[in-house]
Amino acid sequence: MLELESRIVEMLKTVFDPEIPVNVYDLGLIYRIEDMTGEGDIEIDMTLTAPNCPAADFIADDVKEKVESVDGVKSLKVNIVYEPEWNREMMSEEAQLELGML
């Protein structure tokens, strides 16, 4: 799973919130990546920077499309969750630097 998870993470780094020039992984929006069966049936828990994010459907669809293209992923379920609530401390240092927060 570690190899598959690292390929999924690399793909998630190509998904961007259209309002923020940082990928969803470095923004800290991805909470969990799990192979539910050990056979490539992936489940991802992710959040949004705000519960009423206007790009929610676009981002979730982009995650689904891109992760499903990863070799070894048979299926993907994306869960949008709001607990714990996202905050800027969840961002990577690279993301904070990109957004001028460091």
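See the structure printed just above.
Here the structure is a predicted model, which means the values were calculated and not measured.

## Here we look at the overall build of the protein
Then comes step 1: Broken down by element type, the protein carries three helices and three strands.
Then comes step 2: Ordered by position in the sequence, the α and β elements of the protein form the string α-β-β-α-β-α.
Then comes step 3: Here the C-alpha atoms of the protein give a radius of gyration of 13 Å, agreeing with the 13 Å that 2.2 N^0.38 yields for 102 residues.
Then comes step 4: Counting every position in the protein, which comprises 102 residues, the buried fraction comes to 41%.
Then comes step 5: Put simply, of all contacts in the protein between residues at least 6 apart along the chain, 62% involve residues at least 24 apart.
Then comes step 6: On the protein, roughly 5900 Å² of surface is accessible, and the fraction owed to carbon and sulfur atoms is 50%.
Then comes step 7: The averaged location of the 24 negative side-chain charges in the protein is 3 Å from the averaged location of its 8 positive side-chain charges.

Rules of the game
Every chain is numbered on its own, with residues counted from 1 as its sequence reads. Totals for whole chains, interfaces and linings use all residues, but because this is a predicted model, local features are given only for residues with pLDDT of at least 70 and pairs of side-chain atoms are given and counted only at 80 or more. For the side-chain quantities, the full set of heavy atoms in the structure was used; hydrogens and water were omitted. To qualify as a helix, a DSSP run of H or I must reach at least 4 residues; to qualify as a strand, a run of E must reach at least 2; elements of each kind are numbered from the N terminus. The globule rule used for comparison is 2.2 Å times the number of residues to the exponent 0.38, while the radius of gyration itself is calculated over C-alpha atoms. Exposure categories follow from relative accessible area, calculated using a 1.4 Å probe and restricted to protein chains: below 20% of the type maximum is buried, above 50% is exposed, and the middle band is partly exposed. Only heavy atoms enter the contact rule, under which two residues are in contact if any of them lie within 4.5 Å. Under the convention used here, a 1.4 Å probe and the Shrake-Rupley method define accessible areas, while residue burial counts only the protein chains that appear. Counting rule for charge: Lys and Arg are taken as positive, Asp and Glu as negative, and neither His nor the chain ends is counted. For this purpose, a charge sits on NZ of Lys, CZ of Arg, CG of Asp or CD of Glu.

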